[in-house]
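Read off the chains here:
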Amino acid sequence: MKILIIEDEKGLRESIEEYFMEAGNICETASNYQEAMSKVSLYTYDCILLDITLPGGSGIDILKSLKQNNNTDGVLIISAKNSLDDRLEGLYLGADDYLVKPFHLSELRARVTAIIRRKTFNGSNLLVFNEIGIDLLAKAVKVNSTAIKLTRKEYALLLYFIANKGKVVSKNAIAEHLWGDGIDLANNFDFIYSHIKNLRKKLMEAGSNDYIQAAYGMGYKFTD
Amino acid sequence: MKLFARYNRVNLLTTIIVMLITGIIYYRAISLILINQLEKDLVVEENEIFEYVGMNHQLPQVFKSNDQQITFTEAKPGTVTRQFINTIYRDYQNPKYAKRHHHVDDDDEFESGRGLITSVTVGNKYYKVLIVVSEVEAEDLIKIIFGITAGVILLLLITLYITNRLLLNRLWQPFYNLLKELRFFNIADSKDIPLEKTSIDEFEELNKVIINMSTRVKSDYKDLKTFTENASHELLTPIAVINSKLDTLIQTDSFSQKQSKLLNDLYSAVSKLTRLNQSLLLLVKIENRLLEGNDPINLKLHIQELIIQFEEIFLDKELIVTCELGEKELITSTYLVDILLNNLLSNAIRHNYKGGRINIKLTDESLVIQNTGENAPLQEEEIFIRFHKSTESEGSGLGLTISRQICENLKFTLNYSYDTSYHTFTVTF
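Just so it is clear, the structure is predicted and the values come from calculations on it, not from any experiment.

Looking at the overall build of chain B
At step 1: In terms of regular secondary structure, chain B is built from eleven helices and eleven strands.
At step 2: Scored against the burial criterion, the 429 residues of chain B give a buried share of 22%.
At step 3: When contacts within chain B are restricted to residue pairs at least 6 apart in sequence, long-range pairs at least 24 apart make up 67% of them.

Quick look at the overall build of chain A
At step 1: For chain A, the count of helices and strands is eight helices and 14 strands.
At step 2: Relative to its full complement of 224 residues, chain A shows a buried share of 39%.
At step 3: Residue pairs in contact within chain A that sit at least 24 positions apart in sequence constitute 56% of those at least 6 positions apart.

A look at the sheet that holds strand β3 (residues 47–51) of chain A
Residues and elements named next belong to chain A.
At step 1: Spatial strand order, β2-β1-β3-β6-β7: five strands in an open sheet with parallel pairing. Both outer strands of the open sheet, β2 (26–30) and β7 (97–100), are each paired with one neighbouring strand and no more. Going across the sheet, the axis of each strand differs from the next one's by a mean of 20°, ignoring polarity.
At step 2: In this structure, strand β1 (residues 2–6) lies alongside β2, joined through five bridges in parallel fashion.

Observations regarding the packing of helix α1 (residues 10–20) of chain A against helix α5 (residues 201–252) of chain B
At step 1: Put simply, α1 of chain A and α5 of chain B touch, their axes get as near as 9 Å, and they point 30° apart. Regarding the angle of α1 of chain A to α5 of chain B, the classification is roughly parallel. In terms of crossing hand, the pair formed by α1 of chain A and α5 of chain B is left-handed. Here G11, L12, S15, I16, E18 and Y19 of chain A of α1 of chain A come into contact with α5 of chain B, specifically with A240, V241, S244, K245, D247 and T248 of chain B.
At step 2: Partitioned by chemical class, the residues of the contact of α1 of chain A with α5 of chain B number five nonpolar, four polar and three charged.

As for helix α3 (residues 136–171) of chain B
At step 1: In this model α3 of chain B runs 50 Å from its N-terminal to its C-terminal C-alpha over 36 residues, within 8% of the 52 Å that 1.5 Å per residue would give.
At step 2: Burial analysis of α3 of chain B places just one of its 36 residues in the buried class, which makes it a mostly uncovered element.

Structural notes on the environment of Y26 of chain B
At step 1: Tracing the chain through its elements places Y26 of chain B in helix α1 (residues 3–56).
At step 2: Expressed as a C-alpha distance, the spacing of Y26 of chain B and F146 of chain B, which sit 120 residues apart in the sequence, is 8.5 Å.

Considerations on α5 of chain B
At step 1: Relative to the 76 Å expected for 52 residues at 1.5 Å per residue, α5 of chain B spans 77 Å between its end C-alpha atoms, a close match to the ideal helical length.
At step 2: All of the buried residues in α5 of chain B are N207, S232, L236, A240, I242, N243, S244, L246, D247 and I250 of chain B.

Some points on the packing of helix α9 (residues 334–350) of chain B against helix α11 (residues 399–409) of chain B
All names here are of chain B.
At step 1: As a packed pair, α9 and α11 sit with axes 9 Å apart at the nearest point and diverge in direction by 140°. As for the relative orientation of α9 and α11, their crossing is left-handed in sense. Side by side, α9 and α11 meet where L336, I339, L340, N343, L344, S346 and N347 of the first sit next to G399, L400, I402, S403, I406, C407 and N409 of the second.

A closer look at the nonpolar core
At step 1: Core analysis: the biggest nonpolar cluster contains 35 residues, and L4, I6, C47, I48, L49, L50 and L76 of chain A have the highest contact counts within it.
At step 2: Only β1, α1, α2 (33–42), β3, α3 (59–68), β6 (74–79) and α5 (105–121) of chain A together with α5 of chain B provide two or more residues apiece to this core.
At step 3: Element by element, the count of residues in this core is highest for α5 of chain A, at five residues.
At step 4: When residues no more than four places from it in sequence are discounted, the contact partners of I48 of chain A are L4, I6, V40, D73, G74 and V75 of chain A.
At step 5: Residues I286, L319, I339 and L414 of chain B belong to the second largest nonpolar core, which totals 33 residues.

Quick look at the sheet that holds strand β12 (residues 168–170) of chain A
Residue and element names in this part refer to chain A.
At step 1: Across the sheet, which stays open at both edges, the three strands sit in the order β12-β14-β13 with antiparallel pairing between neighbours. Both outer strands of the open sheet, β12 and β13 (212–215), are each paired with one neighbouring strand and no more. Direction aside, the axes of adjacent strands within the sheet are offset by 35° on average.
At step 2: Taken together, the four bridges between β13 and strand β14 (residues 219–222) define a ladder with antiparallel strand orientation.

Some words on the environment of L378 of chain B
All names here are of chain B.
At step 1: Tracing the sequence through the fold places L378 in the loop between β9 (366–371) and α10 (380–383).
At step 2: Classification of L378 as partly exposed rests on a count of 17 C-beta atoms within 10 Å.
At step 3: Taking the C-alpha atoms as reference, L378 lies 7.6 Å from Y418; in sequence the two are 40 residues apart.
At step 4: Residues in contact with L378, not counting those within four places in the same chain, are I383, Y416, Y418 and H423.

Topic: the environment of V129 of chain B
Residues and elements named next belong to chain B.
At step 1: By the element assignment, V129 lies in strand β4 (residues 125–134).
At step 2: Among the residues examined, V129 registers 22 C-beta atoms within 10 Å and is labelled buried.
At step 3: In this structure V129 touches I49, I70, F72, T118, S119 and V120, once residues within four positions along its chain are discounted.

Some details on the interface of chain B and chain A
At step 1: With 42 residues of chain B at the contact, the number on the chain A side is 34 residues.
At step 2: In the side of chain B that touches chain A, the residues fall into 16 nonpolar, 17 polar and nine charged.

Some points on the confidence of the model for chain B
Residues and elements named next belong to chain B.
At step 1: Scored by pLDDT, chain B comes out at a mean of 83, with 93% of its residues at no less than 70.
At step 2: Across residues 95–107 the pLDDT falls below 50, and counting only partners more than four positions away or on other chains, this stretch makes 15 contacts in the model.
At step 3: Interface confidence for the predicted complex, expressed as ipTM, amounts to 0.86; the pTM equals 0.65.

Regarding unusual backbone geometry
Glycine aside, the phi torsion of most residues is negative, and most peptide linkages are trans.
Residue and element names in this part refer to chain A.
At step 1: Note that the residue after K101, namely P102, is joined by a cis bond; omega there is -10°.
At step 2: Positioned with a positive phi, N70 is a non-glycine residue whose angle comes to about 50°.
At step 3: Within the element layout of this structure, N70 appears in the loop between α3 and β6.
At step 4: Notably, N130 is not glycine yet its phi reads approximately 45°, a positive angle.
At step 5: Relative to the helices and strands, N130 is located in the loop between β8 (126–129) and β9 (132–135).

Conventions and cut-offs
Residues numbered from 1 in each chain as written. Chains lettered and ligands numbered in written order. Predicted model: local features only at pLDDT ≥ 70, side-chain atom pairs only at ≥ 80, totals over all residues. Helix = DSSP H or I, 4+ residues; strand = E, 2+ residues; numbered from the N terminus. Buried ≥ 20, exposed ≤ 12 C-beta atoms within 10 Å, placed from the backbone. Contact = placed C-beta atoms within 7 Å. Pairing = 2+ DSSP bridges. Axes fitted to C-alpha atoms, helices over the stretch in contact; angles between N-to-C directions. Parallel < 35°, antiparallel > 145°, perpendicular 65-115°, else oblique. Left-handed = near helix turned anticlockwise from the far one by under 90°. Nonpolar A, V, L, I, M, F, W, Y, C, P; charged D, E, K, R; others polar. Expected span 1.5 Å × (residues − 1). Core = buried A, V, L, I, M, F, W, Y, C linked by C-beta atoms within 7 Å. pLDDT = per-residue confidence, 0-100.

Structure follows, in structure tokens:
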């Protein structure tokens, strides 16, 4: 997939670029309004990560010009602005999603994947990963042809892992993805472990390979 | 004591004292003038006697006149000195008149009088002459004058009292209006103190000064809030960088047990920092009333969803949750209500012990969330203060502040109470 990262903060831009950089992915970056405008008008991308506050102009204007030109690139706004109005404005203007800073790169990746999936599959709702098939609309999971019953959280977890395959995903990121802000109430992340254990068990019982690995007590990794 | 009462008291008291003093002086002055007049009459009479004696060389015939008596008595030459005296006037002429004016209780008619003792020599005889005039008429005059004056004073006092009352009440009206405005003054409110129309310079100045002051206070407060908002906002970017670098770092290599422990600690510190920052921003927004809404909300449904959301955490802490949820519809901001519910429930979980209980009760009037926890009541006035938290609390110390502010915005009340080992938070709609 081809991604444009429009972000003025160098540290963040580089991290995102590095996280998305892998075989088959092309990442381009823009650090200010003019650079971003010239890139979006010249090329098309699967997904544009758009910061709102940019030197030289507003990300909102970039979004407006994209939509005026009937550009079909996916747009994910990454902004420090957290108010409902900002979100609504972004989404109303045609952004596909809105992610508030700070975020986990795995969360960003999951959102970008979801956007691209929606754009490229064009109505087909089937996500296939080796022997695992997921019907995104029905939220049903099959291993080969065996249907398995996952809880809501296990299903979300599986999608999250697949989007971040090959990456170490921290327990923090998983917990925040599944439980949102309330997660700081937990004494520890042991209950994440039980969800992962259940998911793994269900997948393997249906004949799938063991893709989920624990990574040095910090998180988990979903690998081929 | 009200200003009016105090003013009236002082005013009336001084008026009465001044009037009394004036009355005494007035009385004295009139008495003096009248007595002076009587003495002049006496001197005229004396001169007439002298003239008569000078022309006729005999004493004039003494006859009784209306208000005058003259008596001649023989005396040794040179024993009489001329002087005015206060004496008694005996009224034979007009018993009726005298009866009304007598000064002693027996039937003799006596009146107070003014007399002149003088002497006259007729031939070789020396006479003492006593001329007495009645003071009754003068006294009557004084009484009338005094009565009228007293009446005027009384009338004046009453008028003063009434006008003061009416006038002061009316004059001070702008002041009372201003006082009312000040009582309802809210620093976070956008409503300004209105300029009261008044013709009194002092009140107008007071009003202007207060308006200036409130505007300044408000703008300072706004600056402070803007600063908080900007500071929090500026912090978000570096936090985002730290977070993303951590995410990148854990992709790099294999880590030892010790390193991964360090990384985990870093992660939780960063996420705590993030939440703290977001809470601050949220609080500023709520205080600025930037978050408003008119969404129909089924509170029961929201609470049920929240409980499902927290399910794993209840299990993790082995909490027993009892719900008694009635139907309650609200029309307000979903966002705020969700934050409120989330904060209150989070609080009940956070300050609970393993195996504790949480009771949630929703009625048409109120939402009550009870939780077990530390076996002592908390200080109600302290727990709603920013950054007030128990030493072992992992929270931001802003949750309850935000909750109370939300309740304030939504015109609810949030109260804390403690009874029979339950900490109870009550939202009254």
